[in-house]
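What follows is the residue order along each chain.
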Amino acid sequence: MAEYHRPDGKKIQTLKDIANRLRIHSVTSTNASNSGHPTSCASAAEIMSVLFFNTMKYKVSAPRDAANDRFVMSKGHAAPILYAAWAEAGLFPVEDLMNLRKIDCDLEGHPTPRLSFVDVATGSLGQGLSCAAGMAYVGKYIDKVDHRTFCLIGDGESAEGSVWEALHFGSYYKLDNLVAIFDVNRLGQSEPTSLQHEMDVYQKRMEAFGWNTYVVDGHDVEALCKVLHEAETVKGKPTCILAKTFKGRGLSGVEDLDNWHGKPMGAKSDEMIANLQALIKNNGPHNLCPSLPTAEVPAASTAPLKMSQAPNYELGQSVATRQAYGAGLAKLGVANPQVVALDGDTKNSTFAQKFKDVCPDRFIECFIAEQNLAGVAIGCATRDRTVAFASTFACFLSRACDQIRMGAISQTNANFSGSHCGVSIGEDGPSQMALEDLAMFRSVAGSTVFYPSDAVSTERAVELAANTKGICFIRTSRPGTAVLYKNDEPFAVGKAKIVRQSDRDQVTVIGCAITLKESLKAADQLAESGINIRVIDPFTVKPIDAETIIASARATGGRVVTVEDHYHQGGLGEAVAGALSEERDIIVKRLAVNSVARSGKCDELLEMFGINASAITKAVKEILTK
């Protein structure tokens, strides 16, 4: 164990001075914006001072340098003190803090990666530790470098289950480069937290989760310096620092009082600032510079990612798209060392197992904890250190909807794959059927939603997702579908495929995967009665290929039928209807699952909910009579 060298008296005082400067900045900036959370900042002042000016190693001039220590402000409402710390470190002038929350300033109400020193957006509480765990995992097991990750967590947000999922993950993977600091300031938003200052209860819980745990006075600079040093010497387990603090510390008249959450200090601020200023011994430059990282880390590759080999299927071969997802992911992983795969104990069903078989050192089992699965994936993808693919049953990704939503705000490039979509999964029943997932992922800002219909297009969807900015979702199915495309068929985001057409087509029918299969059956049935239809595979539901759909709709007399294994709301039908919304004289008839499903065989369920070939045939004949 490295010997602890106590900072000298001058440095201790300087760290105290910086803490009070951070408090002053938090008060003045929230006053200027007439909004914000100065009391939540004040409780964390000493923690932030010690972290940024004594413990962490980073380059101020390059906040996202791959070798830097990472910091995640999970209690995102304390953003003003994070901004103040970077200003005091010299990244930008302290005067800029007065632009907090203004529309033309990136110092927003909660941290986002619009700022060069923020890796993940926070503010939806309980998510920061999962992201931090993903960063720490990459540092320890993928990059294999010595940078550390620190996460500041509010005691109120520790009620979130995602925090405890992350605690389990950190312990299981022995992330000794991860430090979670709980700012236990006793008060929540509307009343005291459930545990208030029961530090022994917090400690027992953290230790039970396998964390090296310290309880410390969170306003004692020297004590914080010591435990953070000790944390660096502990091997084989992550560290939790439980800092007993007081909300509004140092803000006269509001310290440790309820009903001051999220309120600027207003008329009280002059007296508060004067009192804080009186505590500062040195009003000149503090001259404390962060230590620099001890090693250089190579920049992430920016070359396009390609699979190690092309798809290898026979036309007409029946292959489940979930199986092709695993095959494509394995090929991508073999050829690209930055690709990592994560799964929630469903790898033998999502076929992520194929990736684990060939790249075991880059497979991350997250177990049945989908919120943490999403958060870890987002953390893994920060600073472009990895290209992350996270998979589980598509229905279970709805549990992580908020993490995925925040991922978009985080500008993440994380990729998600959801298998077992729709009623076509059969006997497992409605709890396992994803019928809302297209709506969810389509609503995410900047997302790309792939819905491949055969094995070849699924492998290409994996390759395209790896090279597409923003959140990507790949929807895969349980039943086998026939291979439609040659192995060298090109695919592109936002480009549909017309899989059946003639110059006598009367209706355009659009389906995906199992419903595309049924659409082709319907095309054969209708042809027997002299009715030709055009069949389209959209490949991506977002962006939808409006150009191809509009042209086909016009060519078929303005008649369109969509058929999907998803609820009516938010899925393929609405995407198509939206693409056609400004076109005249076009009718869209939408077939979709119209109620809560039940157990049954795949074919029985497709018939029950009117999304099989016979239902499509009927819909085509009906639309021709209008």
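For the protein chain, the name recorded in an unreviewed UniProt entry is transketolase, with Capitella teleta as its organism. Quoted straight from UniProt, the Subunit (unreviewed entry) entry for the protein chain says "Homodimer." If you open the UniProt record of the protein chain and go to Sequence similarities (unreviewed entry), you find "Belongs to the transketolase family."

K.L.:
Describe the overall build of the protein chain, listing the residues and the values that go with them.
P.N.:
Helix and strand counts for the protein chain come out as 21 helices and 19 strands. With respect to the three principal axes, the spread of C-alpha positions in the protein chain is 90 × 50 × 40 Å. When burial is assessed residue by residue, the protein chain has 61% of its 626 residues classed as buried. Summarising the internal contacts of the protein chain: among those between residues at least 6 apart in sequence, 79% fall at separations of at least 24.

K.L.:
Lay out the sheet that holds strand 14 (residues 497-500) with the relevant residues and their values.
P.N.:
Strand-to-strand pairing in sheets goes through backbone hydrogen bonds, with the strands running parallel or antiparallel. With mixed pairing, the 5 strands of this open sheet are ordered in space as 14-16-15-18-19. The strands lining the two open edges of the sheet, one partner per strand, are strand 14 and strand 19 (587-593). Adjacent strand axes in the sheet meet at a mean angle of 25° when their direction is disregarded. As paired strands, strand 18 (residues 559-567) and strand 19 are joined by 6 bridges and run parallel to one another. Residue pairing across strands places Val560 opposite Val588, the latter belonging to strand 19. Of the strands in this sheet, strand 14, strand 15 (507-511), strand 16 (533-537) and strand 18 touch helix 17 (residues 514-528), which is tilted by about 165° from strand 16. Across the sheet, helix 18 (residues 546-555) touches strand 14, strand 15, strand 16 and strand 18, and the angle it forms with strand 16 is around 170°.

K.L.:
Describe the environment of Pro452, and please don't skip the residues or the numbers.
P.N.:
Looking at the element boundaries, Pro452 is found in the loop between strand 11 (448-450) and helix 16 (455-466). Measuring from C-alpha to C-alpha, the distance between Pro452 and Asn54 comes to 51 Å, with 398 residues separating the pair along the chain. Setting aside residues up to four positions removed in sequence, Pro452 forms contacts with Thr321, Ser457, Thr458, Ala461, Ile474, Arg475, Ala513 and Phe539.

Procedures and definitions
Positions within a chain are numbered from 1, following the residues in the order the chain's sequence is written. The predicted nature of this model means local features are confined to residues of pLDDT at least 70 and side-chain atom pairs, given and counted, to a pLDDT of 80 or more, with totals for whole chains, interfaces and linings taken over all residues. Side-chain metrics in this entry use all non-hydrogen atoms of the structure; hydrogen atoms and water are not considered. UniProt positions are given in the numbering used here, feature names are shortened, and annotations may be inferred rather than shown by experiment. Secondary structure elements follow DSSP: runs of H or I of four or more residues count as helices, runs of E of two or more count as strands, with numbering from the N terminus. For each residue, the accessible area found with a 1.4 Å probe, counting protein chains only, is set against the maximum for its type, and the residue is called buried under 20%, exposed over 50%, and partly exposed in between. Throughout, a residue-residue contact means that at least one pair of heavy atoms, one from each residue, lies within 4.5 Å. A pair of strands is labelled paired if DSSP reports no fewer than 2 bridges between them. Helix axes use the C-alpha atoms of the stretch in contact, all axes being lines fitted to C-alpha atoms, and the angles between their N-to-C directions lie in the range 0 to 180 degrees.

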